[in-house]
Amino acid sequence: MTTAKDYIQQAFEAVKARNPHETEFLQAVEELFNTLEPVIEAHPEYITENILARVAEPERIISFRVPWTDKGGKVQVNRGYRVQFNSAVGPYKGGLRFHPTVNQSILKFLGFEQIFKNVLTGLPIGGGKGGSDFDPKGKTDAEIMRFCQSFMTELQKHIGPSLDVPAGDIGVGGREIGYMYGQYKRLRQFDAGVLTGKPLGFGGSLIRPEATGYGLVYFTDNMLQANGKSFKDQTVLISGSGNVAQFAVQKATELGAKVISVSDSNGYIIDETGIDFDLLCDIKNNRRARLTEYAAEKATATYHEGSVWNYEGKADIALPCATQNEIDGSAAARLVKNGVYCVAEGANMPSNLDAIHTYQENGVLYGLAKAANAGGVAVSALEMSQNSLRLSWTAEEVDNRLKDIMANIFNTAKETAEKYNLGKDYLAGANIAAFEQIADAMIAQGLV
Ligand code: NDP
Ligand code: 2IT
C-alpha cells in the first residue's frame, strides 16, 4: 500500500515533471502538499482517487493576443491569460494582474492558491486568475482604456456571472475594472455580476477597496488575541503602497499600532511617527506618483533604495503587501533578529519556502496568504450577492460580514491545526481545512 507520504512525494514529482519551468507554480504546490500528510492519512480515498494530480491541473487555460495602439500611434501587442483552475465549489473567481512579470507560471500559482483561499471564505466561489504582461506604469488614461478594451474584447467570450468572475490585483483597480466593464457591456449586456471591484455607481460594493487590507488586519488581530497579544502600541512594518498596503496601514493604525514603513519596487519609506494614510493615498491614488514624494513632503520620513526587508530597526509585526517572494530566508532571519514575532501576508506568496521555515523554527506567529488576505475575494463574493439581489448593503453591514468571515477563517485554521495535533501551525491548519473541502467536493462530483 502506498503511504500518504510516498503518495505526496510521487504526486509532487509528477507535477514537477509536467511543469518543469513553472517555478512559482511549483513553489505554491510544494507549500500546500508539504502540509497534507495528516489529512491524506485520514482519507485513504484521496490516494485511490489520485486527488493531488487532479487538483494541480487547471480545468482550462486561455491565452490570447491583446493588440492596442500607444499614444504615439504605434501598434503594441501583449499576451492575455485566464487560468480557470477549479470550479468544484462555485464559478471561477479571482483577480486580473497587469504587470510586466506576468506569465503562465505566475498566474497558475495565483489561480492555485485562489482555490483554497476562496473555499476558506465559506462562500461559493471556485478558483481562477488572469492578467497580462502589460505594464501600466507611465501610461496615459487613454492608453489604459484602449488596452482594457482590447483585453476584454477577447476575455468576454470566456467569462460570465455564473461562469467566471474576474476582479482586480496588481495593476488593476477601479479605473481598469470600469473600462473593462464598459467594454463587456457593449459586447454583451448589462450584467453587473460579471466583474467585481466595480466603482460604486454601477454595482460596486462599499468596503471592497478596503477589504483586503482591513481583512488582513482583522485576521492578524484574531491571531494576536488568541496568543495574548494585540496591535496596541506595536511597531509594524508594511511593504507595498498599493491597494492592500494602504488599507492595512489605515486599519492597523486605527487599532493602535504604529506603522513605520511602506514601499514600492524601487525603495521604501521609514516614518517613525507613523505612516500618514491621507498623504500616502494622495500620492499613490490621485497623483499616481512615486514614494520619493512622500519623503520630500514629510519631514519625519526618510527614503531608502531597495527592499524594506533590508531594514535593520526593531519591529514587532510584519505585513508584506507587495508581491510574491519578497521575503527570503535571510530576510526572515533578519526580521526574527530584529524582534518580529508575527508575520501575516497581504500579498500572495510573499514568503518563500526558506522564509516560512525560518518563521516556523523561531515560533513566529504566521498568517499565510490564503487565509490572511482572503478578505478581498470575500467581499468580492458579497458584491456578487448584492448584484444578484439588486441591492446595496451599507458599509457597516459589509464590514461586519468581513469581520465575521476573517474570524471564521482564523478559527478554522486554529481548530484544524489543533485537531491534527499541529500546535500553532496555522499554515497547515488552513491548508488542510481548505484542501479537504475541495477534495470532497471533487470526489462527490465523480471524475472531474
Ligand atoms: P497594487 O497594484 O495596488 O500595488 C502593488 C504594490 O506592490 C505597489 O506598491 C508596487 O510597487 C508593489 N510591487 C509590485 N510588484 C513589485 C515587485 N516586483 N517588487 C516590489 N514591489 C512590487 O496591488 P495590490 O495592492 O492590489 O496587490 C498587492 C499584493 O496583494 C499582490 O500580491 C496581490 O496579489 C495581493 N492581493 C491583492 C488583493 C486585492 O484585492 N487587490 C487581494 C488579495 C491579495 P510599484 O508601484 O513600484 O510597482
Ligand atoms: O488575490 C486575490 O484574492 C485577489 N486579487 C482578489 C480576487 C477577487 O476576485 O476579488
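The structure under discussion appears in the preceding block.
Calculation criteria
- Residues numbered from 1 in each chain as written.
- Chains lettered and ligands numbered in written order.
- Predicted model: local features only at pLDDT ≥ 70, side-chain atom pairs only at ≥ 80, totals over all residues.
- Heavy atoms only, no water.
- Helix = DSSP H or I, 4+ residues; strand = E, 2+ residues; numbered from the N terminus.
- Rg over C-alpha atoms; globule rule 2.2 N^0.38 Å.
- Buried < 20%, exposed > 50% of the residue type's maximum accessible area, 1.4 Å probe, protein only.
- Contact = heavy atoms within 4.5 Å.
- Pairing = 2+ DSSP bridges.
- Axes fitted to C-alpha atoms, helices over the stretch in contact; angles between N-to-C directions.
- Near = heavy atom within 4 Å.
- Polar contact = N/O pair within 3.5 Å; in protein donor to acceptor, adjacent residues only side chain to side chain.
- Areas by Shrake-Rupley, 256 points an atom, 1.4 Å probe, with all protein chains shown as cover.
- Phe/Tyr/Trp six-rings, centres within 6.5 Å; stacked < 30°, edge-to-face > 60°.
- Lys NZ or Arg CZ within 6 Å of the ring centre and 35° of its normal.
- Nonpolar A, V, L, I, M, F, W, Y, C, P; charged D, E, K, R; others polar.
- Parallel < 35°, antiparallel > 145°, perpendicular 65-115°, else oblique.

### Let's talk about the overall build of the protein chain
Right, so step 1: Secondary structure summary: the protein chain contains 18 helices and 12 strands in total.
Right, so step 2: In summary, the protein chain has a C-alpha radius of gyration of 21 Å against a globular reference of 22 Å for 448 residues, a match within 12%.
Right, so step 3: C-alpha extents for the protein chain along the principal axes are approximately 65 × 55 × 45 Å.
Right, so step 4: Residues counted as buried form 58% of the 448 residues belonging to the protein chain.
Right, so step 5: Within the protein chain, contacts between residues at least 6 apart in sequence are counted, and of these 71% link residues at least 24 apart.

### Quick word on the sheet that holds strand β11 (residues 342-344)
Right, so step 1: On the basis of which strands lie adjacent, the open sheet formed by 7 strands has the order β9-β8-β7-β6-β10-β11-β12 and mixed pairing. Since the sheet does not close on itself, it has two edges, and those belong to β9 (301-305) and β12 (365-367), each with one partner. Pairs of neighbouring strands in the sheet enclose a mean axial angle of 15°, with direction left out of account.
Right, so step 2: Set on the sheet, helix α9 (residues 208-226) makes contact with β10 (317-319), β11 and β12; between it and β11 the angle comes to about 150°.
Right, so step 3: Against the sheet, helix α10 (residues 243-254) contacts β6 (235-238) and β7 (258-263), and its axis sits at roughly 170° relative to β7.

### As for the site of ligand 2
Right, so step 1: Inspection of the region around ligand 2 gives 14 residues, with K93, Q114, K117, D169 and S380 positioned closest.
Right, so step 2: Between ligand 2 and R208 there is a distance of 2.9 Å, counted from an oxygen atom to a side-chain nitrogen or oxygen.
Right, so step 3: Starting from 290 Å² of accessible surface for ligand 2 in isolation, the protein chains cover 94%.
Right, so step 4: When residues of the shell around ligand 2 are traced back to their parent elements, those giving at least two are β3 (92-98), α6 (104-120) and α16 (375-389).

### Description of the packing of aromatic side chains
Right, so step 1: A full pass over the atoms with the stated rule returns 22 aromatic pairs.
Right, so step 2: One aromatic cluster is present, built from ring pairs that chain together F64, W68, F98, F134, F147 and F151.
Right, so step 3: Positioned above the aromatic ring of F25, the side-chain terminus of K108 is 4.3 Å from the ring centre.
Right, so step 4: Above the face of the Y341 ring, K229 is positioned so that its terminal group lies 4.7 Å from the ring centre.

### A short note on the side chain of S261
Right, so step 1: Position of S261 relative to the elements: it lies in strand β7.
Right, so step 2: We classify S261 as buried; its relative accessible area is 0%.
Right, so step 3: Within polar-contact distance, the side chain of S261 engages the backbone oxygen of I238 at 2.9 Å.
Right, so step 4: Apart from the residues within four sequence positions on either side, S261 is in contact with V236, L237, I238, I269, I270, I275 and V308.

### Here's the deal with the site of ligand 1
Right, so step 1: Lining the immediate surroundings of ligand 1 are 25 residues, of which D169, T212, S265, R290 and N348 lie closest.
Right, so step 2: Within the backbone of S241, an N or O atom sits 2.9 Å from an oxygen atom of ligand 1.
Right, so step 3: Contact distances for ligand 1 include 2.8 Å between an oxygen atom and a side-chain N or O atom of N348.
Right, so step 4: Protein burial of ligand 1: of its 890 Å² of free accessible surface, 83% is covered by the chains.
Right, so step 5: Of all the secondary structure elements, the ones that give two or more residues to the shell around ligand 1 are α9 and α10.
Right, so step 6: Of the residues contributing to the shell around ligand 1, the split by class is 5 nonpolar, 13 polar and 7 charged.

### What to know about the packing of α6 against helix α18 (residues 426-444)
Right, so step 1: Remark: α6 packs on α18, axes separated minimally by 9 Å, with the N-to-C direction vectors making an angle of 90°. On the basis of the axis angle, α6 is roughly perpendicular to α18. Contact with α6, carried on its side by I115, F116, V119 and L120, involves A430, A434, F435, Q437 and I438 of α18 and no other residues of that element.
Right, so step 2: Tallied by class, the residues present in the contact of α6 with α18 amount to 8 nonpolar, 1 polar and no charged.

### Some details on helix α11 (residues 277-286)
Right, so step 1: Every buried residue of α11 is accounted for by F277, L279, L280, C281, I283 and K284.
Right, so step 2: Where α11 is buried, its residues meet α10, β7 and α12 (292-297).
Right, so step 3: The opening residue of α11 is D276, an N-cap whose side-chain oxygen sits 3.2 Å from the backbone nitrogen of D278.
Right, so step 4: Two residues or fewer after α11 comes R288, characterised by a positive phi angle close to 50°.

### Focus on the sheet that holds strand β2 (residues 75-86)
Right, so step 1: With mixed pairing, 5 strands are arranged side by side in an open sheet as β1-β2-β4-β3-β5. One side of each edge strand has no neighbouring strand; the edge strands of this open sheet are β1 (60-69) and β5 (164-167). When strand polarity is set aside, the average angle formed by the axes of neighbouring strands in this sheet is 20°.
Right, so step 2: Where β3 meets strand β4 (residues 126-132), 5 bridges bridge the pair, whose relative direction is parallel. Across the sheet, L96 pairs through a bridge with G130, a residue of β4.

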